[in-house]
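What follows is the residue order along each chain.
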Amino acid sequence: YLPHILCGKESSLSTVAAVLKEEHEYRLTPEGRNTDHILLTIGIPTHDRGNLLLKRLENLQNFPYDAEIEFAISKHGTHFYQDDYKKVNQINDARIHYIGYDEELAMPENWRNVVKIAHGKFVMLVSDEDDVIVDAIEHYLRFLNDHPQLGVVRPRTRVQYQSLTQDIYCKKGKDAFLGGFLQQNYLSGVIYNKKTFELANLDFWDRNYGKNAFYYLYPHMWWQVILSFEADYAFDSKILISEGESVWKEETKRYCEEDDIEDAKAHGRSDDSSEIIGIVSTYEARISQFCGCVELIKVFSQFDEELRSEALNMLIEKTLYLMEMVLFNYHYKVENFPESVIQLVNEAQVAIDELSIGTEYKRLLLQKIKMLVQKAEDDLAML
């Protein structure tokens, strides 16, 4: 790696800086590129958003690093902005590693493709809507280099994880599981240890639970569970990601204009362009996702009652939180909210039996359910 902090007499520094600049520029050419020691791959999975990808690359090209990083891109889809994708191959920056698939892939498959083609020891997945903050990269490169035992890192972001104001380090096992369970709903910015990721047998879950309502939409949230028992987990409070404006409404309208309703649904978007929330956020969808997650917990934690109980407790709380969020933010079907809460309670009680949770934990969970229902009723009364 080239030095980025120079000390010495001012008369000498300008000469050294010029040499380093020349070397850096050489390393951005195919002849000067070396991928043997990449520490961090900044990976962008993208679909029908070539225009956004070009904007992200404009930002990434300003990074002063070369041998430390790469930009791995896996593109799929054939509908929109295909000419913009072609322009990626014309950019003179050897740090860009671009693979284009002219077919429709499932979201998890394309995310996995990014990790597969990455050369870095760690891989950060970033939405093509979001920018990586240049000034934060030095901090994270140092952090990752000092902690090769990490399996997952959740960096702070400007919006989705703005409340992440403390650094937290969790050792692998239950500590990492409880620290990170259901905390990865927004994929952008999450950093994976490539070797740990590839050795975690995630293919098993893709193969057997690809149609599970929870796993299909949020496989990365379950990957975190698996990786928690393989390596350490960390939250870092240094802001690394600046989220851009969501474009899903505009995308939904385009898909509907093309009569491609199935593609819109497959990517978690409403099939009605006038709908203000995606179909994945409705009460009905959240309850379906709840049941899907219960199925995964049952398979994963069949020999650990405490883990099953903790996971179910967190899942109940998270699901009700998401339902309340769409209620308050969008006033979505206010009249149906009480009935939906009752349905969630019924599914939670079924889950307690399905997970074979014993008397002590069952009593605590039922108390928690009662408290959450009361909170939901109180919150509804405030509308």
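Cut-offs applied
- Residues numbered from 1 in each chain as written.
- Predicted model: local features only at pLDDT ≥ 70, side-chain atom pairs only at ≥ 80, totals over all residues.
- Heavy atoms only, no water.
- Helix = DSSP H or I, 4+ residues; strand = E, 2+ residues; numbered from the N terminus.
- Rg over C-alpha atoms; globule rule 2.2 N^0.38 Å.
- Contact = heavy atoms within 4.5 Å.
- Areas by Shrake-Rupley, 256 points an atom, 1.4 Å probe, with all protein chains shown as cover.
- Lys, Arg positive; Asp, Glu negative; His and termini not counted.
- Charge placed at Lys NZ, Arg CZ, Asp CG, Glu CD.
- pLDDT = per-residue confidence, 0-100.
- Salt bridge = Lys/Arg side-chain N within 4 Å of Asp/Glu carboxyl O.
- Buried < 20%, exposed > 50% of the residue type's maximum accessible area, 1.4 Å probe, protein only.
- Arc of directions from axis to C-beta.
- Pairing = 2+ DSSP bridges.
- Right-handed = clockwise from strand over helix to strand, strands pointing away.
- Axes fitted to C-alpha atoms, helices over the stretch in contact; angles between N-to-C directions.
- Parallel < 35°, antiparallel > 145°, perpendicular 65-115°, else oblique.
- Nonpolar A, V, L, I, M, F, W, Y, C, P; charged D, E, K, R; others polar.
- Phe/Tyr/Trp six-rings, centres within 6.5 Å; stacked < 30°, edge-to-face > 60°.

1. A short note on the overall build of the protein chain
For the protein chain, the count of helices and strands is 16 helices and 9 strands. A globule of 383 residues ought to have a C-alpha radius of gyration of about 21 Å, and the protein chain, at 23 Å, matches this closely. Projected onto its principal axes, the C-alpha coordinates of the protein chain cover approximately 75 × 50 × 40 Å. Counting only contacts in the protein chain whose residues sit at least 6 apart along the sequence, the fraction spanning at least 24 positions is 80%. Total accessible area on the protein chain is roughly 18,600 Å²; 50% of this is exposed by carbon and sulfur atoms. Taking the average location of the 41 positive side-chain charges in the protein chain and that of its 63 negative ones, the two points are 3 Å from each other.

2. Focus: the confidence of the model for the protein chain
Atomic detail in the predicted coordinates should be set aside for any region of low pLDDT. Taken over all residues, the pLDDT of the protein chain has a mean of 90, while the share at 70 or more is 94%. Predicted confidence is poor over residues 267-274, with pLDDT under 50, and the contacts of this stretch with residues over four places away or in other chains come to 30 contacts.

3. Describing the pattern of salt bridges
Counted by the stated rule, this structure contains 21 salt bridges. A salt bridge links lysine 86 to aspartate 83, with the nearest nitrogen and oxygen atoms 3.9 Å apart. Of this pair, lysine 86 and aspartate 83 both sit in helix α3 (residues 82-88), separated by 3 residues, roughly a single helical turn. Of the two residues examined, lysine 86 and aspartate 83, each falls in the exposed class. For aspartate 206, the salt bridge goes to arginine 112, with nearest N and O atoms at 2.2 Å. In this pair, aspartate 206 is assigned in helix α8 (residues 202-209) and arginine 112 in helix α4 (residues 107-117), connecting sequence segments 94 residues apart. The class for aspartate 206 is partly exposed, based on a relative accessible area of 24%. Among the charged side chains, a salt-bridge network with shared partners connects Glu23, Arg27 and Asp66.

4. Thoughts on helix α5 (residues 134-146)
Looking at α5, one finds that the buried residues are Ala136, Ile137, Tyr140, Leu141, Phe143 and Leu144. Down the axis of α5, the buried set is contained in an arc of 165°. They therefore lie on one face.

5. Topic: the pairing of strand β1 (residues 40-47)
The element β1 is largely enclosed, with a buried count of 8 among its 8 residues. The side-chain alternation of β1 yields two buried faces, one formed by Leu40, Ile42, Ile44 and Thr46 and the other by Thr41, Gly43, Pro45 and His47. Both β1 and strand β2 (residues 69-76) contribute to a ladder of 8 bridges, which runs parallel. In the sheet register, isoleucine 42 faces β2, and the bridge partner there is phenylalanine 71. The parallel pair β1 and β2, bridged by helix α2 (residues 50-60), forms a crossover whose chirality is right-handed. Both β1 and strand β4 (residues 122-125) contribute to a ladder of 4 bridges, which runs parallel. By the bridge assignment for β4, glycine 43 is matched with leucine 125.

6. Focus: the packing of helix α14 (residues 305-330) against helix α16 (residues 359-381)
For the pair α14 and α16, the least separation of the axes is 11 Å and the interaxial angle reads 5°. Classified by the interaxial angle, the pair formed by α14 and α16 is roughly parallel. In this structure, α14 uses Glu305, Glu306, Ser309, Leu312, Asn313, Ile316, Glu317, Leu320, Glu324, Leu327 and Phe328 to contact α16, whose residues at the interface are Tyr361, Leu365, Lys368, Ile369, Leu372, Lys375, Ala376, Asp379 and Leu380. Looking at the contact of α14 with α16 residue by residue, the class counts come to 11 nonpolar, 2 polar and 7 charged.

7. So, the packing of aromatic side chains
Considering all chains together, one arrives at 18 aromatic pairs under this definition. Relative to tryptophan 223, the ring of tyrosine 192 has its centre 6.3 Å away and its plane inclined at 70°; by these criteria the two rings are edge-to-face. In this pair, tyrosine 192 sits in strand β8 (residues 191-193) while tryptophan 223 sits in helix α10 (residues 219-228), placing the two residues 31 residues apart along the sequence. In this structure tyrosine 192 comes out as buried when scored by relative accessible area, which is 1%. For tryptophan 223, a relative accessible area of 1% translates into the label buried. With 5.0 Å between their ring centres and 65° between their planes, tyrosine 283 and tyrosine 332 make a pair best called edge-to-face. Of this pair, tyrosine 283 sits in helix α13 (residues 283-300) while tyrosine 332 is found in the loop between α14 and α15 (337-354), placing the two residues 49 residues apart along the sequence. Each member of the pair tyrosine 283 and tyrosine 332 is classed as buried.

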